[in-house]
Amino acid sequence: MKDLIIKAWPELTGYKPSTIRIERSAGTKHPLYFDFAGCKEISSTGLTVWLLRSLSFLKQSKHRREYSTELFKDNEILYKVRQLSFFYHLNRYIQNNNMFTHETNYDGPFETLYHTSFNNREVISLPIYCLNLNSFTKEKRRDVLYPLRSMLMEVLSPYGMDYYFNQCQFISIVSEMCKNSADHTNGEAFLGLDFVLIPEKKSIEIHFVFGDLGCGIKKNVQKYLFSLDEQKKRIPHMSFSEAYRRALTRGFTTKPNSEYNKGIGMSLIREGCQGIGVELSVFDAFSRYRLSSVLKLTHEELRRYFYPFTKDQTQPFYYYGVIRGEKK
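Residues numbered from 1 in each chain as written. Predicted model: local features only at pLDDT ≥ 70, side-chain atom pairs only at ≥ 80, totals over all residues. Heavy atoms only, no water.

Observations concerning the overall build of the chain
The helix and strand tally for the chain stands at ten helices and 16 strands. For the chain, the residues scored as buried account for 55% of the 328 residues in total. Pairs at least 24 residues apart make up 74% of the contacts formed inside the chain by residues separated by at least 6 positions. Total accessible area on the chain is roughly 15900 Å²; 50% of this is exposed by carbon and sulfur atoms. (Helix = DSSP H or I, 4+ residues; strand = E, 2+ residues; numbered from the N terminus. Buried < 20%, exposed > 50% of the residue type's maximum accessible area, 1.4 Å probe, protein only. Contact = heavy atoms within 4.5 Å. Areas by Shrake-Rupley, 256 points an atom, 1.4 Å probe, with all protein chains shown as cover.)

What follows is the structure, encoded as structure tokens:
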């Protein structure tokens, strides 16, 4: 059976992997071939987006998939992809069927990658972090916050000693993203982190991706507002900005009976980012939304920072953010 090729761009960095077109063939039984032959540059954030897209593709399939990739000895960058745990997480959802590429079955240890990326900058990339939400019962999913916060404190502290940025507030923002995933999805969530050194400005940029395998904020809001009978008629007429206006309003939640969810998570994320200078975008429902730029919850203001994206069934939900720190 012929493989369905999923081809990586030369740059798997930042949110660029969201611009890659993946064929609409999720309903087939064809095995997948991950083609990294032309890939020259990677990052933790880029690979996290690529992983989320790959897993979103697998969600659409009715059949159990298998995959393969090229031989490691023919492509040095595959070792870096493996080091950042891409294949490890992929293997939880799909099986490698190529007897010649045993390297993808590696299960650690995974180590921080020191390399050049982001236009030939010196970059420190952390392995993709899986929150393991599905290892907890529905009532205990928020317990993933404790190991997440400990991990973030450990990796951010050395940079907090050398650069000015609000480490504690940054962790609080990521924690709110985690809470939303725990409360509103039944899927897994992933975090990617890159530290980009900019010596000529004596500064650092921290790039991060936080995404989950849920349906996204827009669909969650629509499902909550409309009954099954109403959805076919009313959902096509509900704009992206209207869904986000509701999600950003304090007190609004699609889980009103939850003991912990008070409907302030999205507003805390937006206001927190604005308070410490995080440039934050949300990728959701075939759109990019510059959440940190929104000052007022008016339709005009909300539409201003909305950017339609290429429609593709593999587009996942995730946040992409950048925070900068100056040298002390």
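On we go.
Observations regarding the pattern of salt bridges
One pass over the full model with this rule turns up twelve salt bridges. Among the ionic pairs, Arg-121 bridges to Glu-200, the shortest N-O distance being 2.7 Å. In this pair, Arg-121 is assigned in strand S8 (residues 121-125) and Glu-200 in the loop between strand S11 (189-198) and strand S12 (203-212), connecting sequence segments 79 residues apart. Put simply, Arg-245 and Glu-242 hold a salt bridge, and the shortest N to O gap is 3.1 Å. Within this pair, Arg-245 and its partner Glu-242 are both found in helix H8 (residues 240-247), separated by three residues, close to a single helical turn. A relative accessible area of 25% places Arg-245 in the partly exposed class. Connected via shared salt-bridge partners are Glu-205, Glu-279 and Arg-324. (Salt bridge = Lys/Arg side-chain N within 4 Å of Asp/Glu carboxyl O.)

Quick look at the packing of aromatic side chains
All chains considered together, the criterion is met by 18 aromatic pairs. Taken together, a centroid distance of 5.7 Å and an interplanar angle of 85° make the contact between Phe-34 and Tyr-67 edge-to-face. Taken together, the positions of Phe-34 in strand S3 (residues 32-35) and Tyr-67 in strand S5 (residues 66-69) put the pair 33 residues apart, joining distant regions of the chain. Here Phe-34 matches Tyr-67 in class, with each residue buried. Taking the centre distance of 5.1 Å and the plane angle of 85° together, the rings of Phe-170 and Phe-208 count as edge-to-face. With Phe-170 in helix H5 (residues 167-184) and Phe-208 in strand S12, this pair connects stretches of sequence that are 38 residues apart. (Phe/Tyr/Trp six-rings, centres within 6.5 Å; stacked < 30°, edge-to-face > 60°.)

Regarding the sheet that holds S5
Spatially, the four strands line up as an open sheet ordered S1-S3-S5-S6, and their pairing is parallel. Where the open sheet ends on each side, the last strands, each with one partner, are strand S1 (4-7) and strand S6 (95-96). Where S1 meets S3, four bridges bridge the pair, whose relative direction is parallel. Bridging across to S3, Ile-5 finds its partner in Tyr-33. Where helix H1 (residues 44-60) meets the sheet, it contacts S1 and S3, and its direction lies at approximately 165° from that of S3. (Pairing = 2+ DSSP bridges. Axes fitted to C-alpha atoms, helices over the stretch in contact; angles between N-to-C directions.)

Notes on the pairing of S11
For S11, the buried fraction is high: ten of the ten residues fall into the buried class. Alternating positions in S11 separate into two faces, Ala-189, Leu-191, Leu-193, Phe-195 and Leu-197 on one and Phe-190, Gly-192, Asp-194, Val-196 and Ile-198 on the other, with burial throughout. Strand direction decides the pairing type here: S8 and S11, joined by four bridges, are antiparallel. Considered in S11, the bridge of Glu-122 is made with Leu-197. Looking at chain direction, S11 and S12 are connected through ten bridges and run antiparallel. Paired with Phe-190 across the bridge in S12 is Gly-211. A loop of four residues connects S11 with S12, the two strands running antiparallel in sequence, and Lys-202 in this loop sits at a positive phi of about 50°.

Quick word on the packing of helix H6 (residues 217-225) against H8
Think of two packed helices as two axes; the pair is described by the angle between the axes and how far apart they sit. The contact between H6 and H8 brings their axes to 9 Å, and the two run at 80°. In terms of orientation, H6 and H8 fall into the roughly perpendicular class. Side by side, H6 and H8 meet where Ile-217, Lys-218, Val-221 and Leu-225 of the first sit next to Phe-240, Ala-243, Tyr-244, Arg-246 and Ala-247 of the second. When its residues are assigned to classes, the contact of H6 with H8 shows seven nonpolar, no polar and two charged. (Parallel < 35°, antiparallel > 145°, perpendicular 65-115°, else oblique. Nonpolar A, V, L, I, M, F, W, Y, C, P; charged D, E, K, R; others polar.)

Focus on the environment of Ala-247
Relative to the helices and strands, Ala-247 resides in helix H8. The sequence separation of Ala-247 and Ser-267 amounts to 20 residues, and the corresponding C-alpha distance is 7.9 Å.

A look at empty space enclosed by the protein
Evaluated as defined, the whole model comprises two cavities of 30 Å³ or more. What the second largest cavity holds in volume is close to 40 Å³. Phe-283, Asp-284, Ala-285, Phe-286, Ser-287, Phe-309, Gln-315 and Pro-316 together form the lining of the second largest cavity. Split by residue class, the lining of the second largest cavity holds five nonpolar, two polar and one charged. (1 Å grid on protein atoms, 1.4 Å probe; cavity = no way out; pocket = protein on both sides within 12 Å on 5 of 7 lines; lining within 4 Å. Points joined across faces, edges and corners; volume = space filled by probe spheres on them.)

Notes on the side chain of Asp-194
With respect to the helices, strands and loops of the structure, Asp-194 is situated in strand S11. For the buried residue Asp-194, which engages in no salt bridge, the nearest side chain bearing the opposite charge is Lys-16, 12 Å off. A polar atom in the side chain of Asp-194 sits 2.6 Å from the side chain of Thr-45. (Lys, Arg positive; Asp, Glu negative; His and termini not counted. Polar contact = N/O pair within 3.5 Å; in protein donor to acceptor, adjacent residues only side chain to side chain.)

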